[in-house]
6 protein chains.
Amino acid sequence: MPYITVKLMEGRSSRRIKLLAAKMTEAVCETLEIKPSDVRIEFVELKAGTFAVAGQIVPEIKDSEGGSQHE
Amino acid sequence: MPYITVKLMEGRSSRRIKLLAAKMTEAVCETLEIKPSDVRIEFVELKAGTFAVAGQIVPEIKDSEGGSQHE
Amino acid sequence: MPYITVKLMEGRSSRRIKLLAAKMTEAVCETLEIKPSDVRIEFVELKAGTFAVAGQIVPEIKDSEGGSQHE
Amino acid sequence: MPYITVKLMEGRSSRRIKLLAAKMTEAVCETLEIKPSDVRIEFVELKAGTFAVAGQIVPEIKDSEGGSQHE
Amino acid sequence: MPYITVKLMEGRSSRRIKLLAAKMTEAVCETLEIKPSDVRIEFVELKAGTFAVAGQIVPEIKDSEGGSQHE
Amino acid sequence: MPYITVKLMEGRSSRRIKLLAAKMTEAVCETLEIKPSDVRIEFVELKAGTFAVAGQIVPEIKDSEGGSQHE
């Protein structure tokens, strides 16, 4: 432990997911004072058409490797 | 989105959980270039006796607010 | 199937949870044209201090059996 | 909150998933007396060959847009 | 990996949960040909009043350390 | 109940997943003294590039139908 699950809309680049894995692990280890090898992170990319807010299905997102993403 | 679930053994102090919420949100916003209000984090504290590694139930942990934690 | 998990802040009355189970099952059966016995719903009540939005731990909620709840 | 996860066998039409998102949100808002924008629903479609009942892998389902579905 | 989550109604004895951890790990290791230390199992005990089948909240169960359990 | 979720790296053969469904159901029924029809198992296969240990994304695995798998 800890086992972390990150649910996010599909469309981010693998570069960004790799960076997220490293940065989150660093933040967790620093705060909980544990070894990186204790930390497992699972990324669950939600396909377009499978996530709804306020009863409406959320449209696809594009990882502009820069621009911010809707939901 | 993203919706993040952090499963960790029960026993951390609320101070540490608060710090973890802030640090993880910072790491996620920086990497995904999104707003903090987009980030939701759920902490699931596993009670002693409810988690097993290698077929053995993992013992309780104490948050020594300093010492590292087993599993 | 379907197996439905409803995560919500702790504090709702059991009357309301029961009503939610019935209403959601009705909505699912009507839409998917399946039998009620196919539908399983798990309610996960998040304790105060275990859920964060924008890096901040969300305070407790009270079920006023009338008033709307914050997050 | 609430964050709702609906696990169901793959094969439903996107029309039906959209309708389900709207109907479930309506049922939840009415019962919990909260705003639609508070409600997030994630649909997890289980692929054929990934779900077992009584030790047996459940076969694929077809959304006949009318007929009822097995499991 | 694998990471296994077992959701079951609250009420089983800790003796039985320990036995379940050992037996499931054995079954997984034998079948996937992996080491026990690769296997993590989380037991999530659902409290009475938090699980519904067919729109009805399921009553509490008692672990008679012998008799079979309802749902 | 019980509802079991098995998260494992993508790449196992369907033969092995079928065997795992049967063996795990047997272990659970024997230990909890319940009927096979009470047991539901969901297999979640994590794609390469979506799981990290110690901040590093775990590479793909091959089911050699014999050789042991890396994490």
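In this report, we go over the structure that sits alongside the text. (Residues numbered from 1 in each chain as written. Chains lettered and ligands numbered in written order. Predicted model: local features only at pLDDT ≥ 70, side-chain atom pairs only at ≥ 80, totals over all residues. Heavy atoms only, no water.)

### As for the relation of the copies chain E and chain F
Step number 1: Of the two same-sequence chains, chain E is brought onto chain F (RMSD 0.0 Å, axial shift 0.0 Å) by a rotation of 180°. The superposition operator between the copies reduces to a two-fold rotation axis. By C-alpha distance to the rotation axis, the residue of chain E lying nearest is E:Thr5, at 2.6 Å.
Step number 2: When the interface residues of chain E are mapped onto chain F, 100% of them are again interface residues, pointing to one common binding face. (Least-squares fit on C-alpha atoms with pLDDT ≥ 70 in both. Contact = heavy atoms within 4.5 Å.)

### Let's talk about the relation of the copies chain D and chain F
For the pair of chain copies, the relating transformation is a rotation about an axis with a translation along it.
Step number 1: Once chain D has been moved 0.0 Å along the axis and rotated by 120°, it coincides with chain F to within an RMSD of 0.0 Å. Between the two chains, the operation in question is that of a three-fold axis. For chain D, the minimum C-alpha distance to the rotation axis belongs to D:Val44 and amounts to 6.1 Å.

### Some thoughts on the sheet that holds strand 1 (residues 3-9) of chain C
The strands making up a sheet associate through hydrogen bonds between their backbones, and the pairing can be parallel or antiparallel.
Step number 1: Judged by pairing direction, the sheet is mixed, and its 8 strands sit side by side in the order 4(A)-3(A)-2(D)-1(D)-1(C)-2(C)-3(E)-4(E) without closing on themselves. In the strand order of this sheet, the two ends are held by strand 4 (56-57) of chain A together with strand 4 (56-57) of chain E, each with one partner.
Step number 2: Of the pairings in the sheet, the one linking strand 3 (residues 51-53) of chain A to strand 2 (residues 40-46) of chain D comprises 3 bridges and is antiparallel in character. Residue A:Val53 lies in a different strand from strand 2 of chain D, and its bridge partner there is D:Arg40.
Step number 3: Of the strands in this sheet, strand 1 and strand 2 (40-46) of chain C, strand 1 (3-9) of chain D together with strand 3 (51-53) and strand 4 of chain E are in contact with helix 1 (residues 14-32) of chain C, which crosses strand 2 of chain C at around 140°.
Step number 4: Packing against the sheet, helix 1 (residues 14-32) of chain D makes contact with strand 3 and strand 4 of chain A, strand 1 of chain C together with strand 1 and strand 2 of chain D, and its axis sits at approximately 140° to strand 2 of chain D. (Pairing = 2+ DSSP bridges. Helix = DSSP H or I, 4+ residues; strand = E, 2+ residues; numbered from the N terminus. Axes fitted to C-alpha atoms, helices over the stretch in contact; angles between N-to-C directions.)

### Looking at helix 1 of chain C
Note: α-helices contain 3.6 residues per turn, so residues at a spacing of three or four share the same orientation.
Step number 1: For helix 1 of chain C, with 19 residues, the first-to-last C-alpha span of 27 Å sits near the 27 Å given by 1.5 Å per residue.
Step number 2: Here helix 1 of chain C has its buried residues at C:Arg16, C:Ile17, C:Leu20, C:Ala21, C:Met24, C:Thr25, C:Ala27, C:Val28, C:Cys29, C:Thr31 and C:Leu32.
Step number 3: Those residues of helix 1 of chain C that are buried lie in contact with strand 1 and strand 2 of chain C, strand 1 and helix 1 of chain D together with strand 3 and strand 4 of chain E.
Step number 4: Of the residues one or two after helix 1 of chain C, C:Glu33 is the one with positive phi, at around 55°. (Expected span 1.5 Å × (residues − 1). Buried < 20%, exposed > 50% of the residue type's maximum accessible area, 1.4 Å probe, protein only.)

### What about the nonpolar core?
Step number 1: The biggest cluster of nonpolar side chains holds 31 residues, and the ones touching the most others in it are E:Ile4, E:Met24, F:Ile4, F:Met24 and F:Phe43.
Step number 2: Put simply, the parts of the chain that give this core at least two residues each are strand 1 (3-9), helix 1 (14-32) and strand 2 (40-46) of chain E together with strand 1 (3-9), helix 1 (14-32) and strand 2 (40-46) of chain F.
Step number 3: Beyond its immediate chain neighbours, meaning those up to four positions away, F:Ile4 contacts E:Ile4, E:Thr5, E:Val6, E:Met24, F:Met24, F:Val28, F:Val39, F:Arg40, F:Ile41 and F:Glu42. (Core = buried A, V, L, I, M, F, W, Y, C linked by side-chain atoms within 4.5 Å.)

### Remarks on the pattern of salt bridges
All names here are of chain E.
Step number 1: All told, the structure shown has 30 salt bridges over all chains when counted by the stated rule.
Step number 2: When the shortest N-O distance is used, the salt bridge between Asp 38 and Lys 35 registers 3.5 Å.
Step number 3: Here Asp 38 falls in the buried class, since its relative accessible area comes to 8%. (Salt bridge = Lys/Arg side-chain N within 4 Å of Asp/Glu carboxyl O.)

### Focus: the interface of chain E and chain F
Step number 1: Contact residues are listed per partner, giving 31 residues for chain E and 31 residues for chain F.
Step number 2: Each partner contributes to the roughly 2,700 Å² buried at the junction of chain E and chain F, and carbon and sulfur atoms together form 59% of this total.
Step number 3: Contact with chain F buries area across many residues of chain E, yet E:Met1, E:Thr31 and E:Leu32 alone supply 26% of it, more than any other trio.
Step number 4: One can count 4 salt bridges joining chain E with chain F.
Step number 5: A salt bridge links E:Glu33 to F:Arg16; its shortest N-O distance comes to 2.9 Å.
Step number 6: Taken together, the connections running from chain E to chain F amount to 9 residue pairs in polar contact (both at pLDDT 80 or more).
Step number 7: Looking at the side of chain E that touches chain F, the elements with two or more residues in it are strand 1 and helix 1 of chain E. (Buried area = accessible area lost by both parts, 1.4 Å probe. Polar contact = N/O pair within 3.5 Å; in protein donor to acceptor, adjacent residues only side chain to side chain.)

### Some details on the sheet that holds strand 3 (residues 51-53) of chain B
Step number 1: Pairing is mixed across the open sheet formed by 8 strands, whose spatial order is 4(B)-3(B)-2(E)-1(E)-1(F)-2(F)-3(D)-4(D). Strands at the two margins of the open sheet, each flanked by one partner only, are strand 4 (56-57) of chain B together with strand 4 (56-57) of chain D.
Step number 2: Sheet analysis places strand 1 of chain F next to strand 2 of chain F, joined by 7 bridges and oriented parallel. Its bridge partner lying in strand 2 of chain F, F:Leu8 is registered against F:Glu45.
Step number 3: Seen against the sheet, helix 1 of chain E touches strand 3 and strand 4 of chain B, strand 1 and strand 2 of chain E together with strand 1 of chain F and runs at an angle of roughly 140° to strand 2 of chain E.
Step number 4: Helix 1 of chain F rests against strand 3 (51-53) and strand 4 of chain D, strand 1 of chain E together with strand 1 and strand 2 of chain F of the sheet, and its axis sits at about 140° to strand 2 of chain F.

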